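For reference, the chains in residue letters:
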Amino acid sequence: MPGRFLVAEGIDGSGKSSQVERLGHWLPCSGLMPADAKLLVTREPGGTPLGEQLCPILLNSGLTLHSRTELLLFAADRAQHVETRIRPALREGHWVLSDRFSGSTVAYQGYGRGCDLELIHTLEQAATGGLTPDLTLWFDLPPQQARARKPPSQQDRFEGAGSDFTERVAHGFRKLAMERGWWRIPAGEPLAAVEAAVQAACRSTFVD
C-alpha cells in the first residue's frame, strides 16, 4: 500500500502512549511523510466506535472474563480497526500510527494468559487480513520499573493482574521483538533520550 503503518508495543507503564503522542506531533513535520499524506493516530482497543464500546469491557478491573473470551474480543476489535480505519487510510497514501496492534495479543493473551499460540496466530491472520506494520517500536522497560510508575488504584485489569503475569508478558514481548525484527527503544532512559531514539528509528526506516 502507498501509505506507511507504524506500531508502538510494550508492557503497561513503559511510556509507550506518551511517546505515541509525541511522535504524532513530530512525524507530520519531520520531512519523512509525503506532502499530501496525513497522519492517523489510533489505538487498540478503542480506535473505532466498536472499540470504544469494547474498551471498558476489556480493561475494567472489576469484570471477570474467560481468557478465550478476552482473546476473541480483541480479535473482533482488531478486525474492525483494520478494515474501517487502518487499511482505508493506507490505501489513500496516508500514514497510520497505532498504540498497540497484534503483537500485544500474542504477549498478553498468549504468554500472559496462556492462550494457545497457534490459535492466536490464526486469529491474527483473520483479523488483520495479513496486514503487517512497516515499523514496530518496542518500548523495553523492566516490569518492576513499569509497575512503579502507576499506583494500584489506577490500574486496569491487566496492570492489576500481578507481577508474575507482567513478567510473562514482558518475556513475550522480548521473544516477539527478536522474531519479528522490532526496533528496540530503551524506555528506561530519560524522556528526551527515548524520544530521540524513536525519531532515529523512524529516520532509519523511512529515509530513502
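Attention in this report is confined to the structure presented alongside it. In this text the structure is predicted, and so the values were computed from the model without any measurement. (Residues numbered from 1 in each chain as written. Predicted model: local features only at pLDDT ≥ 70, side-chain atom pairs only at ≥ 80, totals over all residues. Heavy atoms only, no water.)

1. Details of the overall build of the protein chain
Counting secondary structure elements, the protein chain contains eight helices and five strands. Counting from the amino terminus, the protein chain carries its helices and strands in the arrangement β-α-β-α-α-β-α-α-β-α-α-β-α. Taken over C-alpha atoms, the radius of gyration comes to 16 Å for the protein chain, in line with the 17 Å a tight globule of 208 residues would show. The buried share of the protein chain, reckoned over its 208 residues, is 49%. (Helix = DSSP H or I, 4+ residues; strand = E, 2+ residues; numbered from the N terminus. Rg over C-alpha atoms; globule rule 2.2 N^0.38 Å. Buried < 20%, exposed > 50% of the residue type's maximum accessible area, 1.4 Å probe, protein only.)

2. Some thoughts on the sheet that holds strand β2 (residues 39-43)
The pairing of strands in a sheet happens through backbone hydrogen bonds and is either parallel or antiparallel. Strand order in the open sheet formed by five strands is β2-β3-β1-β4-β5, and the pairing between neighbours is parallel. Edge positions in the sheet fall to β2 and β5 (183-186), since each of these pairs with one other strand and no more. Taken pair by pair, the neighbouring strands of this sheet meet at an average axis angle of 20°, ignoring direction. (Pairing = 2+ DSSP bridges. Axes fitted to C-alpha atoms, helices over the stretch in contact; angles between N-to-C directions.)

3. Topic: the pattern of salt bridges
Evaluation of the coordinates by the stated rule reveals 10 salt bridges. Where R180 meets E124, a salt bridge forms, and the shortest distance between an N and an O atom there is 3.1 Å. Of the two residues, R180 sits in helix α7 (residues 163-180) while E124 sits in helix α5 (residues 117-128), which places them 56 residues apart along the sequence. Look at E124 and you get buried, because its relative accessible area is 12%. (Salt bridge = Lys/Arg side-chain N within 4 Å of Asp/Glu carboxyl O.)

4. Side note on the nonpolar core
In terms of nonpolar packing, the biggest core is built from 47 residues, with L6 and L23 touching the most fellow members. Sequence-distant contacts of L23, that is, excluding residues within four places in its chain, are made with L6, P28, L39, L97, L137, V198 and C202. Counting 10 residues, the second-largest nonpolar core is a separate cluster that includes I86, A89, L90 and F101. (Core = buried A, V, L, I, M, F, W, Y, C linked by side-chain atoms within 4.5 Å. Contact = heavy atoms within 4.5 Å.)

5. With respect to the packing of helix α3 (residues 67-91) against helix α4 (residues 102-112)
With their axes 11 Å apart at the nearest point, α3 and α4 run at an angle of 175° to one another. When the axes of α3 and α4 are compared, the pair comes out roughly antiparallel. Contact residues: α3 offers E70, L71, F74 and R78, while α4 offers S102, T105 and Q109. Taken together, the residues of the contact of α3 with α4 sort by class into two nonpolar, three polar and two charged. (Parallel < 35°, antiparallel > 145°, perpendicular 65-115°, else oblique. Nonpolar A, V, L, I, M, F, W, Y, C, P; charged D, E, K, R; others polar.)

6. Some words on the packing of α4 against α5
In contact at an axis separation of 10 Å, α4 and α5 are set at 155° when each is read in the N-to-C sense. Taken together, the axes of α4 and α5 are roughly antiparallel relative to one another. You can see that α4 and α5 cross each other, and the crossing is right-handed. Here α4 contributes S102, T105, V106, Q109, G110 and Y111 to the contact with α5, which in turn contributes L117, I120, H121 and E124. In terms of residue class, the contact of α4 with α5 is made up of four nonpolar, five polar and one charged. (Left-handed = near helix turned anticlockwise from the far one by under 90°.)

7. Topic: α3
Its 25 residues give α3 an end-to-end C-alpha distance of 34 Å, which sits within 8% of 36 Å, the value for a rise of 1.5 Å per residue. Remark: the principal bend of α3, roughly 45°, maps to V82. Those residues of α3 not exposed but buried are E70, L71, F74, A75, D77, R78, H81, V82, I86, R87, A89 and L90. Elements in contact with the buried residues of α3: β1 (4-9), β2, α2 (49-59), β3 (95-99), α4 and α5. G93, located one to two residues past α3, shows a positive phi value of around 90°. (Expected span 1.5 Å × (residues − 1). Bend = angle between axes of the 7 residues up to and from the residue.)

8. Examining the pairing of strand β4 (residues 135-140)
Counted residue by residue, β4 has six buried out of six residues, so it is predominantly covered. Of the two faces of β4, both are covered, the one formed by L135, L137 and F139 as well as the one formed by T136, W138 and D140. Sheet topology places β1 next to β4; four bridges connect them, and they run parallel. Bridging across to β4, V7 finds its partner in T136. Sheet analysis places β4 next to β5, joined by four bridges and oriented parallel. When the bridges of β5 are listed, F139 appears paired with I185.

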